[in-house]
Amino acid sequence: MLKFKPAGASVVLLAWAACAVFAQIPTSSGAKATIAGSPAAITASKQNPDAVERGGPLFSAKCGGCHGATAKGTQKAPDLVRSLLVLDDEKGNLIAPVIRNGRPDKGMPKLNLTEDQISDIIAWLHVQTFAADHRNTYVFLNALTGDPRKGEAYFNGAGKCNTCHSTTGDLKGIGAKYDAHDLQGHWLQPRSFGRGGRGGSPSRGAVTVTVTLPDGKSYSGVMERLDDFNVAFHDSNGDYHSFDRNGDVPKVVVNDPLKAHIDMLKGYTDSDIHNVTAYLETLK
């Protein structure tokens, strides 16, 4: 994992300013995310689960006003999850003195925490750094926060989803087939979930290409590569074809059945995404 040192900081864990005690947690990236450590991260990082449970809310209350509730930093104070001091700390040998004594020269006062409270915050911080370095220990939050009725209205209205999809056809029972996170991923980025194909009939969502040579002969199949110099694909028999390109010769026509999904991504609001996911989840 890369370790970053905030610019202008001789010691990375800094700016626990007085506002940390009283200020509200600012709106920033990660400010509304969970502060709970996942069981996997707690176990693997060898931290005391009870200490971690106490340390999260304590950090949020005492330090989150400047560092953010998840310690990922704000405009007021740096990211502690990637702090060298936190990453290099062992059982509080580096973090504890900073929390205990403050750094008045850096604008960080003493917070008058007990030694047990300091230990709890340190345990929680170590779980956050471990989880950031081991992505499989992340806790995924609830994806079903939208309104199914609004999602249905968007599906049949502004989103125009029903022009290509049917809740009694290709989407029948989709809510029972996937959990909420996979369901959301499938409709937002369907190609990322394995749609494609090689050989035989192109699977649903595969990008296909038709190449027409100057003599009129044409070939088609599932596209493997396309750039300014070459086009390559596998035909329906699984045979590989590759043609050099020189401008518009040969003629190349690409068909991407998922292009509409890709084009619409930039237009979705957070509410649209969660509402449609909530609606699709009802299709059992």
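Going by the structure above, here's the rest.
Summarised in this report is the structure supplied together with it. (Residues numbered from 1 in each chain as written. Predicted model: local features only at pLDDT ≥ 70, side-chain atom pairs only at ≥ 80, totals over all residues. Heavy atoms only, no water.)

1. Structural notes on the overall build of the chain
Thought 1: Along the backbone of the chain there are twelve helices and five strands.
Thought 2: In the chain, once contacts between residues fewer than 6 apart in sequence are set aside, the share between residues at least 24 apart is 63%. (Helix = DSSP H or I, 4+ residues; strand = E, 2+ residues; numbered from the N terminus. Contact = heavy atoms within 4.5 Å.)

2. A short note on the pattern of salt bridges
Thought 1: Inspection of every chain in the model, using the stated rule, returns six salt bridges.
Thought 2: For lysine 259, the salt bridge goes to aspartate 263, with nearest N and O atoms at 2.7 Å. Taken together, the residues lysine 259 and aspartate 263, both in helix 11 (residues 259-264) and four residues apart, mark about one turn of the helix.
Thought 3: Given the relative accessible area of 39%, aspartate 263 is considered partly exposed.
Thought 4: A salt bridge links glutamate 281 to lysine 284; the shortest N-O distance between them is 2.7 Å.
Thought 5: Its relative accessible area of 22% is what places glutamate 281 among the partly exposed residues.
Thought 6: Judged by its relative accessible area of 59%, lysine 284 is exposed. (Salt bridge = Lys/Arg side-chain N within 4 Å of Asp/Glu carboxyl O. Buried < 20%, exposed > 50% of the residue type's maximum accessible area, 1.4 Å probe, protein only.)

3. Here's the deal with unusual backbone geometry
A negative phi angle characterises most non-glycine residues, just as the trans form characterises most peptide bonds.
Thought 1: In this structure, the amide linkage connecting valine 249 to the following residue, proline 250, adopts the cis form with an omega of -5°.
Thought 2: Mapped onto the secondary structure, proline 250 falls in the loop between strand 4 (240-244) and strand 5 (251-255).
Thought 3: A positive phi angle is found at lysine 160, which is not glycine, with a value near 55°.
Thought 4: Turning to its location among the elements, lysine 160 is positioned in the loop between helix 8 (148-156) and helix 9 (174-177).

4. Observations regarding the packing of helix 8 against helix 12 (residues 270-281)
Thought 1: At a minimum axis separation of 7 Å, helix 8 and helix 12 run at an interaxial angle of 100°. In terms of their interaxial angle, helix 8 and helix 12 are classed as roughly perpendicular. Contact residues: helix 8 offers Pro148, Lys150, Gly151, Glu152, Tyr154 and Phe155, while helix 12 offers Asp272, Asn275, Val276, Ala278, Tyr279 and Leu280. (Axes fitted to C-alpha atoms, helices over the stretch in contact; angles between N-to-C directions. Parallel < 35°, antiparallel > 145°, perpendicular 65-115°, else oblique.)

5. Some details on the sheet that holds strand 1 (residues 208-212)
Thought 1: One open sheet accounts for five strands, arranged 4-3-2-1-5; its pairing is antiparallel. Every other strand in the sheet has two partners, leaving strand 4 and strand 5 as the edge strands with one partner each. Along the sheet, successive strands turn relative to each other by an average axial angle of 40°, direction set aside.
Thought 2: Where strand 1 meets strand 5, five bridges bridge the pair, whose relative direction is antiparallel. Among the inter-strand pairings, threonine 212 is bridged to a residue of strand 5, identified as lysine 251. (Pairing = 2+ DSSP bridges.)

6. Quick look at helix 8
Thought 1: Buried within helix 8 we find Gly151, Tyr154 and Phe155. Mapping the buried residues of helix 8 onto a view down its axis gives an arc of 100°, with all of them on the same face. In this structure, helix 8 carries Arg149, Lys150 and Ala153 as exposed residues pointing more than 90 degrees from its buried face.
Thought 2: Tucked inside the fold, the buried residues of helix 8 contact helix 11 and helix 12.
Thought 3: Its side-chain oxygen 2.9 Å from the backbone nitrogen of arginine 149, aspartate 147 forms the N-cap of helix 8. (Arc of directions from axis to C-beta. Polar contact = N/O pair within 3.5 Å; in protein donor to acceptor, adjacent residues only side chain to side chain.)

7. Description of the nonpolar core
For soluble globular proteins, nonpolar side chains are generally found buried alongside one another.
Thought 1: Phe59, Ala71, Ile95, Ile99, Ile121 and Leu125 are the most contacted members of the largest nonpolar core, which has 28 residues in total.
Thought 2: Among the elements of the structure, helix 2 (39-44), helix 3 (49-62), helix 5 (84-88), helix 6 (95-101) and helix 7 (115-133) are those that each provide at least two residues to this core.
Thought 3: At nine residues, the largest contribution of residues to this core is made by helix 7.
Thought 4: Core analysis: the second largest hydrophobic core is formed by 14 residues, Tyr154, Phe155, Trp187 and Val276 among them. (Core = buried A, V, L, I, M, F, W, Y, C linked by side-chain atoms within 4.5 Å.)

8. Observations concerning the packing of helix 3 against helix 7
Thought 1: In the contact formed by helix 3 and helix 7, the axes pass within 7 Å of each other and the chain directions differ by 95°. Judged by the inter-axis angle, helix 3 sits roughly perpendicular to helix 7. Contacts between helix 3 and helix 7 involve Ala51, Val52, Arg54, Gly55, Gly56, Leu58 and Phe59 from the first element and Gln117, Asp120, Ile121, Ala123, Trp124, Leu125 and Val127 from the second.
Thought 2: The residue makeup of the contact of helix 3 with helix 7, split by class, is nine nonpolar, three polar and two charged. (Nonpolar A, V, L, I, M, F, W, Y, C, P; charged D, E, K, R; others polar.)

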